[in-house]
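A look at the structure
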Amino acid sequence: MNKGRMFNKIFFPILILGIGLVISFGSYIYLSTTSSVIERVSNSKQSYITQIKNNLEQKIRTIEYAFNTYSTTSSFNEVVKNPITEKDFQAYRTVNTQLNYIATMGLEGTEYTLISLDKNWQISNGKLSTLTEDDLNNLYINYIDDHDKGLFWIKTDQGIRFVNTLPVFSKKKIAIALSDISLQTLNRAIDTDEHNPVFILNGQGKLMYENDSSEQLFPNQLEGISQVLSTFNDSGIVTVDTINNKSVQLIFAKSSYNNWIYCTVLEQQEISDSLKTTKFGLITMGLVLILLIVVVAYVISIIFTKPIRRIQQSLPKNTHFSSKNEFESIMDSIDTILIEKESLESLIKAEMPQLETQFILNLFRNRVSPEELSRKMPRFGYQEVWDPMYVTMLIQLDNLGGREASDKDVLLLAINKIVEEFIPEQQRLLPIILNDDTQATILRFTEFSEQEIRRKVLDDAAALIKNVNEYLNLSISIGISKTYENLLESKEACEMSKQALHQRLNLGKESIIFYEDISMVVSGPVLLYYPVELESRLFDAIRLGDEEQVSSTLHPLLADMMKKNNHSANFEVTLVRFVNNLIQLEQLLGVEVLLTQDNHALYHRLLDIRNPEEIERMLLEEVILPMVRKMKEKTNKQFRCLSEKIAAIVRSEYDQELSLELIGDRLHYNPSYLSSIFKKEFGTTFSEYLMNYRLEVAKKWLIETDMTIKEIAERLEYHNSQNFIRSFRKKEHVTPGAYRKMNLAD
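What comes next is a walk through the structure. (Residues numbered from 1 in each chain as written. Predicted model: local features only at pLDDT ≥ 70, side-chain atom pairs only at ≥ 80, totals over all residues. Heavy atoms only, no water.)

Topic: the overall build of the protein chain
Helix and strand content of the protein chain: 25 helices and 16 strands. A burial count over the protein chain gives 41% of its 746 residues as buried. Pairs at least 24 residues apart make up 64% of the contacts formed inside the protein chain by residues separated by at least 6 positions. Accessible surface for the protein chain amounts to roughly 42,600 Å². Of this, 52% is attributable to carbon and sulfur atoms. (Helix = DSSP H or I, 4+ residues; strand = E, 2+ residues; numbered from the N terminus. Buried < 20%, exposed > 50% of the residue type's maximum accessible area, 1.4 Å probe, protein only. Contact = heavy atoms within 4.5 Å. Areas by Shrake-Rupley, 256 points an atom, 1.4 Å probe, with all protein chains shown as cover.)

Here you go:
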């Protein structure tokens, strides 16, 4: 059954909107659930791989620590430097006991081997054997010659092997300790009951272990994965391609101990299985909601079109209602009758505010004749009154309240609206925006004395300042002209108000300024004042690069200029002089901030601003602070150069008496000044730097020379050898003698 075009216009939009909302809501829930499931699975995998890392890393560290500890014992040195044969049962028993003890500390099922390169014997898994010349050559080739580290892990066919060439801190190796962890042992330690593939890469990206090759990576991918993961945090997730060109997500955890990377695969099947129930529920819920929306859309369409059908049935059947849209057919007759009248009235109403605004602007520009004034005033609704008095009130912004400069027009419109609503229509003409900076209103009074007018205007101005501050969070200043009797004098009144507003520089923000109050000041003698002392303090702060001192000095300087130069022209002259002095200072300092072809624009911008806060902000942020930062850059370069000179003196004269006082005399600087800049550049005090450098020299002499500890202490300007020993032990945690023995033994 055809319900009509209006029914379709209501029914189908509601239906489409409802279905769209259901799909959007369902999609949002699905995506949110998917994200939650992925995050849950990822966190589970992350905890799993982190647990594997911690378990295996603990065992590996135990093995490394056990061998390193054993290699430092005296019994180890005695054993590996002596031959062991079947007859040397006690030595064999000692070594085997120590290896069994290490085995109890590490992973169960790990085989431990100790090889003496010096005496050609090997004890492995409790068995003693003698090494041939070929065996020794293979050991050197595999574990010593091409390896720059004495401790490392390698992958073998049976698992992974720990190699520790001993002694650790000597290039001449006399023994090798091996720990072989089998794949079975690794599988037990890793505990992969969750049947997740696990990969372990070393710091160079080489595969150390894998428990599942179904998602095996390309061999050349391993090093690439290691390089990619090196830029990540200690754990996370990364996407890579497998052999079958499938993208998989790897959950990884990096070891801060040995840089090994532990990885497992985030299986998409796990996520899909977790989302099956959610998909079914969302589809079911969506179908139910769509069915409900169909019913609701149908009911709403019937209800809304019922009055239209009743009106249509009550109208006569004629061709006037031949349109397919019932509502348009009904309204067509009404629109035909009213359209011309409404069009004409709308045109007049729309144009009236613009015409009235232009009329007020012409008054301020003195472009209205007496005849035009008498003709248009009644047309704009201004009733003729007996003996009227007028006052022109101008409003300017003190600041933008933290807003952008592009918002100024909107703020002026808002202020204009506040004036229009606050001051009754019978007491004013239409408020207008006079220019980019000023709002203007002509106030009208009848049967008021001069004192009453002044009091009324003052009260209204104070209320306007309060309302603007309250609703717009802005501060404004108001200039008020003398009273005048003829609207044709509005141009002169506007100039009076502008002159009054110029005194804002002296009176500050939120000022209400009557032209009568400042007329004597404006016409008085011109006395220029310039705060030379404050300027000198400001320029000294600029030379020192002291931003804090600059900020605290500029405000009193500008305040003194404004306070003691009552005439606005006087302040403008002193402001220009101040900017010229800044340019001269810049030339003397050799920095480039103001030395541009657009300097004249700075003068114009400053002279156009009547707001003291804005003048201070512009001078500080656009002129003075950039100069300060340039000076700080130059000063920092001088600091670096001076600090390098001090460091060079230490490196060349470390064996002579040195102090900042002596260096200060040589470089002609105050020692305290040198101390502060040296610490700033090197991050340490001069005395600590000198002591550390001398101790580094002492370490070199202990290894490379036969000088006694006392001779070294004297050469390095220590008053006695005990002081030297204490300083050395504090830094190196061993005495100089122990340090020399340890390194000579290597």
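Looking at the pattern of salt bridges
Once the charged atoms of two side chains with opposite charge are near each other, the side chains can pair. A full pass over the atoms with the stated rule returns 14 salt bridges. E547 is paired through a salt bridge with R629; the nearest N and O atoms lie 3.7 Å apart. Taken together, the residues span a long stretch of sequence, with E547 in helix α16 (residues 547–564) and R629 in helix α19 (residues 612–653) at a distance of 82 residues. Residue E547 is classed as partly exposed on the basis of its relative accessible area, which comes to 26%. On the basis of relative accessibility, which here comes to 41%, the residue R629 falls in the partly exposed class. One salt bridge connects R666 with E653, and the closest N-O pair in it is separated by 2.9 Å. With R666 in helix α20 (residues 660–667) and E653 in helix α19, the pair connects residues that are 13 residues apart, well separated along the chain. Overall, the relative accessible area of 17% leaves E653 in the buried class. (Salt bridge = Lys/Arg side-chain N within 4 Å of Asp/Glu carboxyl O.)

Things to note about the side chain of T264
Secondary-structure assignment places T264 in strand β11 (residues 261–266). On the basis of relative accessible area, T264 is assigned to the buried category, the value being 0%. Of note is the side chain of T264, whose polar atom sits 2.7 Å from the backbone oxygen of P197. Once residues within four sequence positions are removed from consideration, T264 is found in contact with K45, Y48, I49, N196, P197, Q249, L250 and I251. (Polar contact = N/O pair within 3.5 Å; in protein donor to acceptor, adjacent residues only side chain to side chain.)

Description of the sheet that holds strand β4 (residues 151–155)
Neighbouring strands of a sheet are bound in pairs by backbone hydrogen bonds; such pairs are parallel or else antiparallel. Reading across the sheet, the six strands line up as β3-β2-β1-β6-β5-β4 and stay open at both edges, with antiparallel pairing between neighbours. Edge positions in the open sheet fall to β3 (127–130) and β4, since each of these has one partner strand only. Shown here is a sheet whose adjacent strand axes are inclined to one another by a mean of 20°, direction ignored. Of the strand pairs in this sheet, β4 and strand β5 (residues 159–166) are connected by five bridges, and their pairing is antiparallel. (Pairing = 2+ DSSP bridges. Axes fitted to C-alpha atoms, helices over the stretch in contact; angles between N-to-C directions.)

Regarding the sheet that holds strand β13 (residues 432–433)
In space, the five strands of this open sheet follow the order β13-β14-β12-β15-β16, with mixed pairing throughout. In this open sheet, the two strands that pair with only one neighbour each are β13 and β16 (512–514). Where strand β12 (residues 388–397) lies against strand β15 (residues 476–480), five bridges are found, and the strand directions are antiparallel. Looking at β15, one finds that L394 is bridged to G479. Each of β12, β14 (438–446), β15 and β16 is contacted by helix α12 (residues 490–502), which is oriented at about 40° to β12, the strand it contacts most.

Things to note about the packing of aromatic side chains
Considering all chains together, one arrives at 15 aromatic pairs under this definition. Ring centres of F678 and F682 lie 4.7 Å apart, and the angle between their planes is 20°; this geometry places the pair in the stacked category. Of the two residues, F678 and F682 are both situated in helix α21 (residues 671–682); the distance of four residues between them amounts to about one turn of the helix. For F682, a relative accessible area of 31% corresponds to the partly exposed category. Consider the rings of Y718 and F724, whose centres lie 5.4 Å apart with planes at 65°: the pair is edge-to-face. The positively charged end of R454 is found above the aromatic ring belonging to F514, 4.1 Å away from the centroid. The ring of Y530 has R577 lying over it, and the distance from NZ or CZ to the ring centre is 3.8 Å. (Phe/Tyr/Trp six-rings, centres within 6.5 Å; stacked < 30°, edge-to-face > 60°. Lys NZ or Arg CZ within 6 Å of the ring centre and 35° of its normal.)

Regarding the nonpolar core
F67, V95, L114, W153, V198, I200 and W260 are the most contacted members of the largest nonpolar core, which has 44 residues in total. For this core, the leading source of residues is helix α1 (residues 5–71), giving eleven residues. Leave out the neighbours within four places in its chain, and W260 touches I60, W153, I160, I200, L201, N202, G203, M208, A253, K254 and S255. Counting residues in hydrophobic clusters, the runner-up holds 30 residues, among them L558, L620, M627 and M631. (Core = buried A, V, L, I, M, F, W, Y, C linked by side-chain atoms within 4.5 Å.)

Examining the pairing of β14
Extensive coverage of β14 is indicated by the burial of eight of its nine residues. Of the strand pairs in this sheet, β13 and β14 are connected by two bridges, and their pairing is antiparallel. If you follow I433 over to β14, its bridge partner there is Q439.

A look at unusual backbone geometry
Unlike most non-glycine residues, N366 shows phi in positive territory, near 60°. When you line up the elements, N366 lands in the loop between α8 (326–364) and α9 (370–379). Phi angles above zero are rare outside glycine, and H733 is one such case at about 65°. With respect to the helices, strands and loops of the structure, H733 is situated in the loop between α24 (721–732) and α25 (736–745). Residue H733 is classed as exposed on the basis of its relative accessible area, which comes to 67%.

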